[in-house]
Amino acid sequence: MKQMPKEYYELLEQLQAVDFALVELTLYLDTHPTDYQAIQQFNQLAQKRKKLKKQYEAAYGPLQQYGNSYSNYPWNWDDTPWPWQV
């Protein structure tokens, strides 16, 4: 597997941290659906994740399959390493 630049790993770590917080907030909101501050935090993190995903994909290619990420031309889903391989 080819070595990626330091920024690649930093960006992936940021995405993982935001994803973790979104999962935790989802679980919390399932039992506290009227917690306005938690909803605000969830929405802020969702926006942050969208920006991080866009930044990652612009630099390193698609992050998610099944229509969640666009592909460049030519098809770049076979470019490695994939995020789950790191």
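Relevant structure appears above.
Scoring rules and cut-offs
- Residues numbered from 1 in each chain as written.
- Predicted model: local features only at pLDDT ≥ 70, side-chain atom pairs only at ≥ 80, totals over all residues.
- Heavy atoms only, no water.
- Helix = DSSP H or I, 4+ residues; strand = E, 2+ residues; numbered from the N terminus.
- Contact = heavy atoms within 4.5 Å.
- Areas by Shrake-Rupley, 256 points an atom, 1.4 Å probe, with all protein chains shown as cover.
- Salt bridge = Lys/Arg side-chain N within 4 Å of Asp/Glu carboxyl O.
- Buried < 20%, exposed > 50% of the residue type's maximum accessible area, 1.4 Å probe, protein only.
- Expected span 1.5 Å × (residues − 1).
- Polar contact = N/O pair within 3.5 Å; in protein donor to acceptor, adjacent residues only side chain to side chain.

*Asks:* Help me understand the overall build of the protein chain in this model?
*Replies:* Looking only at helices and strands, the protein chain has 2 helices and 0 strands in total. Considering only intrachain contacts with a sequence separation of at least 6, the fraction spanning at least 24 residues in the protein chain is 48%. Carbon and sulfur atoms form 54% of the exposed surface of the protein chain, whose accessible area is close to 6700 Å².

*Asks:* Would you take a moment to explain the pattern of salt bridges for this structure?
*Replies:* Should their charged atoms come close, side chains of opposite charge can pair. Taken as a whole and assessed by the stated rule, the structure comprises 3 salt bridges. For the salt bridge of Lys-6 with Glu-10, the shortest nitrogen-to-oxygen distance reads 3.6 Å. Here Glu-10 and Lys-6 lie together in helix α1 (residues 6–31), a separation of 4 residues that amounts to about one turn. On the accessibility criterion, Glu-10 (35% relative accessible area) is partly exposed. A salt bridge links Lys-53 to Glu-57; its shortest N-O distance comes to 3.6 Å. Highlighted residues: Lys-53 and Glu-57, both in helix α2 (residues 36–60), separated by 4 residues, approximately one helical turn. On the accessibility criterion, Lys-53 (14% relative accessible area) is buried. The exposure class of Glu-57 is buried, given its relative accessible area of 16%.

*Asks:* Honestly, α2 in this entry has me stumped. Any pointers?
*Replies:* Owing to its 3.6 residues per turn, the α-helix brings residues three or four apart onto one side. If you check α2, its first and last C-alpha atoms are 36 Å apart, about what 25 residues at 1.5 Å a residue would give, namely 36 Å. By the burial criterion, the buried members of α2 are Ala-38, Leu-45, Arg-49, Leu-52, Lys-53, Tyr-56 and Glu-57. The elements touched by buried residues of α2 are α1. The N-cap of α2, judged by a side-chain oxygen 3.2 Å from the amide nitrogen of Gln-37 a few residues on, is Asp-35. Among the residues trailing α2, Gly-61 stands out with phi positive, at a value near 105°.

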